[in-house]
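Below are the chains, spelled out letter by letter.
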Amino acid sequence: MHKPIHLYSRRSFLRLVTQASIISGCGYALSGLMAETTSAAVPKRIVIADGAISETALAMGIVPLAMADIPGYQAWVQQPAVPNRVINLGARFQPSLERLAQLKPDLILTSSFYANQYASLRDLAPIEKIDIYSSSKTPFLNAVTAARKIGDVTGHPNAADRLVAETAARIEHAARQLSTPKARSVLITSMLSPRHMRVFGQNSLMQDVIAQLPIQNAWTGPTNHWGFATVSIDQIAQYSDAAMIAIEPVPDNVERAISYSPILSELPPIKRFGLIKMPPVATFGGLFAAGRFADLLASSLSDIAPGNDEVAP
């Protein structure tokens, strides 16, 4: 028997969001005060050195002057799209400080991921650190706080309110679409090879979204700080009732293995439902990624071929 699933209503979601903003602490409060008292000095030349912050800002209509690793963003995140005028700062792990200096930014948005570069970045412009993946709260609640903080420090608080409301609506819509699911549990994966994959669970943004839908995440095993575990295919063979979702891009050798290798094609979740490929979505993203993941998950499960969708009672 399946466990009862807790489904957030729109009202409880918004209440949760409000609590997150209150709990977010003095950092957000001080930033809000700064935005209110220095609105005449709202930064215009904003640079972003973090993918999740970039995705959130773009979803709020805030187009940065430059951001790190645009090619990687276009391959692994895709939406919201990066306008052509945004300048690429180079590698995600080591953005070009020389190029950054030439741009003379007013503000740099970054995360703890770039802590080893804080000193260099502070020499160029004021920095604002925004973390979604930390030990405080969950990625989803941190993403709500991050959106509000981005809106605050850039002078666009109403844009944050809109993104929060749009995300609530998207998740609520996905929940309605999945009210009679073709699979009651899922494995959310990122394929690394025909034999290995990342599977997302506790501490991941996807887990937080699934918890608001009338389905379950089949993976309840341990995960790391980023919310995933790297596993081999034999570790998921037992999940025959779960639909296996592979977030694109999927390596070419995995596609070939499904066609020609019984090791992967006979894996119980794949044999029953097929390998369900989901368009790219930021697996370490922010609030926009949460809404997009809910949309894509609902449509992916709706596309399960007839005959493979007998849900066990």
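So, how was this worked out
Residues numbered from 1 in each chain as written. Predicted model: local features only at pLDDT ≥ 70, side-chain atom pairs only at ≥ 80, totals over all residues. Heavy atoms only, no water. Phe/Tyr/Trp six-rings, centres within 6.5 Å; stacked < 30°, edge-to-face > 60°. Helix = DSSP H or I, 4+ residues; strand = E, 2+ residues; numbered from the N terminus. Buried < 20%, exposed > 50% of the residue type's maximum accessible area, 1.4 Å probe, protein only. 1 Å grid on protein atoms, 1.4 Å probe; cavity = no way out; pocket = protein on both sides within 12 Å on 5 of 7 lines; lining within 4 Å. Points joined across faces, edges and corners; volume = space filled by probe spheres on them. Nonpolar A, V, L, I, M, F, W, Y, C, P; charged D, E, K, R; others polar. Expected span 1.5 Å × (residues − 1). pLDDT = per-residue confidence, 0-100. Contact = heavy atoms within 4.5 Å. Core = buried A, V, L, I, M, F, W, Y, C linked by side-chain atoms within 4.5 Å. Patch = residues over 30% accessible without salt bridge, like charges linked within 9 Å, V, L, I, M, F, W, Y side chains within 5 Å. Areas by Shrake-Rupley, 256 points an atom, 1.4 Å probe, with all protein chains shown as cover. Salt bridge = Lys/Arg side-chain N within 4 Å of Asp/Glu carboxyl O.

Q: Which parts of the structure should I look at to understand the packing of aromatic side chains?
A: For any pair of aromatic rings, the description rests on two quantities: the centre-to-centre distance and the angle between the ring planes. A complete count under the given rule lists 8 aromatic pairs for this structure. When the ring of tyrosine 133 is compared with that of tryptophan 226, the centres are 5.4 Å apart and the planes differ by 35°; the resulting orientation is tilted. Here tyrosine 133 is found in the loop between strand S5 (127-129) and helix H7 (139-154), whereas its partner tryptophan 226 is found in the loop between strand S8 (216-217) and strand S9 (228-232), with 93 residues between them in sequence. Assessed through its relative accessible area of 31%, tryptophan 226 is described here as partly exposed.

Q: For this particular structure, what's the right way to read the layout of surface pockets?
A: Of the volumes computed, that of the largest pocket is approximately 860 Å³. Elements with a minimum of two residues in the lining of the largest pocket: helix H3 (51-59), helix H4 (70-76), strand S6 (185-191) and strand S7 (196-200). The element that contributes the greatest number of residues to the lining of the largest pocket is H3, accounting for 4 residues. Looking at the lining of the largest pocket residue by residue, the classes come out as 23 nonpolar, 8 polar and 7 charged.

Q: Before we go on, may I ask you to explain helix H13 (residues 287-302) in this structure?
A: Given 3.6 residues to a turn, an α-helix orients residues that are three or four positions apart in the same direction. Over its 16 residues, H13 extends 23 Å from the first C-alpha to the last, a length consistent with the 22 Å expected when each residue adds 1.5 Å. Burial runs high along H13: 13 of the 16 residues are buried.

Q: How do you make sense of the confidence of the model for the protein chain when you look at a structure like this?
A: Should pLDDT be low for a region, the predicted coordinates there are not to be read in detail. Chain-level pLDDT for the protein chain is 85 on average; 84% of the residues reach the 70-or-more range. The model gives residues 1-8 a pLDDT under 50, and that stretch makes 17 contacts with residues more than four places away or in other chains. A low-confidence stretch, residues 18-37 stays under pLDDT 50, and its non-local contacts, those more than four residues away or across chains, total 17 contacts.

Q: What should I look at first to understand the nonpolar core in this one?
A: Across soluble globular proteins, nonpolar side chains show a tendency to be buried alongside one another. Of all hydrophobic cores here, the largest spans 65 residues; its most connected members are Leu109, Val186, Ile188, Leu213, Phe293, Leu297 and Leu301. In terms of residues, this core owes the most to one element, H13, which gives 10 residues. Here leucine 301 is in contact with Leu178, Lys182, Ala183, Val186, Ile215, Ala243 and Ile245, once residues within four sequence places are set aside. One finds Ala218, Ile233, Leu267 and Leu275 within the second-largest nonpolar core, a separate group that totals 21 residues.

Q: Any chance you could explain a nonpolar patch on the surface here in plain terms?
A: Residues Phe93, Phe113 and Trp226 make up a contiguous nonpolar surface patch of roughly 310 Å² in combined accessible area. Tracing the chain through its elements places phenylalanine 113 in the loop between strand S4 (107-110) and helix H6 (118-122). For phenylalanine 113, a relative accessible area of 37% puts it in the partly exposed group.

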